[in-house]
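Report on the structure
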Amino acid sequence: MKVLAVIAHPDDEALGCGGRLAKAVDAGHQTTVLLPTRREDPRGVTEWDRLVYALERSCALLGAACVVLDPPFPESRAEPEVHRLHDLIVSWVERADLVLTHWPGDVNQVHRGVARAVEIATRPFRRRRDVSLFEIPTSTEQRFGGVDRITFEPTEYVVLDATQARRKCDAFAEYVTEVAPGRTPEDIERRLRSRGAEIGVDFAEAYVVARRFR
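Residue positions within a chain follow its written sequence, with the count starting from 1. The predicted origin of the model limits local features to residues at a pLDDT of at least 70 and limits the giving and counting of side-chain atom pairs to 80 or more, whereas totals for whole chains, interfaces and linings rest on all residues. Where side-chain values are given, they derive from all heavy atoms of the structure, hydrogens and water being excluded.

**So, the sheet that holds strand β3 (residues 65-74)**
- Here a strand pair is declared whenever DSSP counts at least two bridges between the two strands. Under the scheme used here, helices are H or I runs from DSSP no shorter than 4 residues and strands are E runs no shorter than 2 residues, and both carry numbers assigned from the N terminus. A sheet is described by the order of its strands in space; here seven strands give the open sequence β3-β2-β1-β4-β5-β7-β6, paired in mixed fashion. Each of the sheet's edge strands pairs with one partner strand only, and the pair in question is β3 and β6 (156-160). Put simply, the sheet's adjacent strands are angled 30 degrees from each other on average, direction ignored.
- Pairing geometry for strand β1 (residues 2-6) and strand β4 (residues 98-102), over three bridges, is parallel. The residue bridging Ala 5 from the neighbouring strand is Leu 100, located in β4.
- In this analysis, two residues are considered to be in contact whenever any of their non-hydrogen atoms come within 4.5 Å of each other. Convention adopted: a line fitted to C-alpha atoms gives each axis, helices being fitted over their contacting stretch, and angles between N-to-C directions are expressed from 0 to 180 degrees. Seen against the sheet, helix α7 (residues 185-198) touches β6 and β7 (203-211) and runs at an angle of roughly 70 degrees to β7.

**Quick look at the packing of helix α3 (residues 48-62) against helix α6 (residues 162-173)**
- Here α3 crosses α6 at 170 degrees, and the two axes come no closer than 8 Å. Classified by the angle their axes make, α3 and α6 are roughly antiparallel. Between α3 and α6, the contacting residues are Ser 58, Leu 61 and Leu 62 on the first element and Arg 167, Lys 168, Asp 170 and Ala 171 on the second.
- Residue type decides the class: Asp, Glu, Lys and Arg count as charged, Ala, Val, Leu, Ile, Met, Phe, Trp, Tyr, Cys and Pro as nonpolar, and the leftover types, Gly among them, as polar. Among the residues forming the contact of α3 with α6, the class breakdown is three nonpolar, one polar and three charged. Reported orientations rely on four angle classes, namely roughly parallel under 35 degrees, roughly antiparallel over 145, roughly perpendicular from 65 to 115, and oblique for the rest.

**Considering the environment of Ala 14**
- Considering the arrangement of structural elements, one finds Ala 14 in helix α1 (residues 12-26).
- Excluding anything up to four places from it in sequence, Ala 14 contacts Ser 58, Lys 168, Ala 171 and Phe 172.

**What to know about the nonpolar core**
- Among buried residues, the Ala, Val, Leu, Ile, Met, Phe, Trp, Tyr and Cys ones that are joined through side-chain atoms within 4.5 Å form a nonpolar core. Think of it in three bands: residues with accessible area under 20% of the maximum for their type are buried, residues over 50% are exposed, and the middle band is partly exposed, with areas taken using a 1.4 Å probe on protein chains only. Grouped together as the largest cluster of nonpolar side chains are 34 residues, with contacts concentrated most on Cys 17, Leu 21, Val 33, Leu 55, Leu 100 and Phe 134.
- Here this core takes seven residues from α3, the largest share from any one element.
- Listed in part, the 27 residues of the second largest apolar core include Leu 85, Val 93, Val 99 and Phe 152.

**As for the side chain of Glu 178**
- Note on placement: Glu 178 falls in the loop between α6 and α7.
- Residue Glu 178 is classed as buried on the basis of its relative accessible area of 7%.
- Each residue touching Glu 178, except ones within four places of it in the same chain, is listed here: Asp 11, Arg 39, Arg 43, Leu 51, Phe 172 and Arg 183.

**Here's the deal with the side chain of Thr 140**
- Mapped onto the secondary structure, Thr 140 falls in the loop between β5 (130-134) and β6.
- Each polar contact in these results corresponds to two N or O atoms within 3.5 Å; when the atoms are within protein, one needs to be able to donate a hydrogen and the other to accept it, and residues that are neighboring in sequence are counted only if both atoms are side-chain atoms. Looking at Thr 140, its side chain comes within polar contact range of the side chain of Asp 106, at 2.7 Å.
- At 2.7 Å, the side chain of Thr 140 and the backbone nitrogen of Ile 136 are in polar contact.
- If sequence neighbours within four positions are ignored, Thr 140 has contacts with Trp 103, Asp 106, Phe 134, Glu 135 and Phe 152.

Below, the structure is given as structure tokens:
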């Protein structure tokens, strides 16, 4: 099976689906992380080379191939020019059997743009691909509340062993500039344990199934 993770920022592969990527690699699946966008905030611009290096190190720890589009698409245009972002990722989607990407309800607008581009690229009448949506700490759970708001409610859990959980945490630890309260390797492990407790195991990642054909 060919697994593709389409992410908005360096570190999303570790935070969102690092355990599943490690598990897919362990199972012998071809696994790729695709970063189509480039950060434009002041810290992201200053630290860009360091972030890309951390992404490469993270992917190496997880066992996944790392692809950064050259040139990357400006992140501020991800939502308003989603058709152009779609055109940049669609050839990669065509090669995949399973696509992992962001929850479209995230607070971060770049996450939403990437999710929308994947949604368009996987319209079933054009190409049938399995799609699962992951959560990102400090984005997925930060929306306004209320009964009219769509919340992340898992419909799929991926059970991880202790080694896969550790690789996920170690992958995020590469991003020393991105550590913040709620986003530390220790926080990541606590979330894995919390999601695992929901289904009676030690460690798990949670997803929403967006498309499934197999």
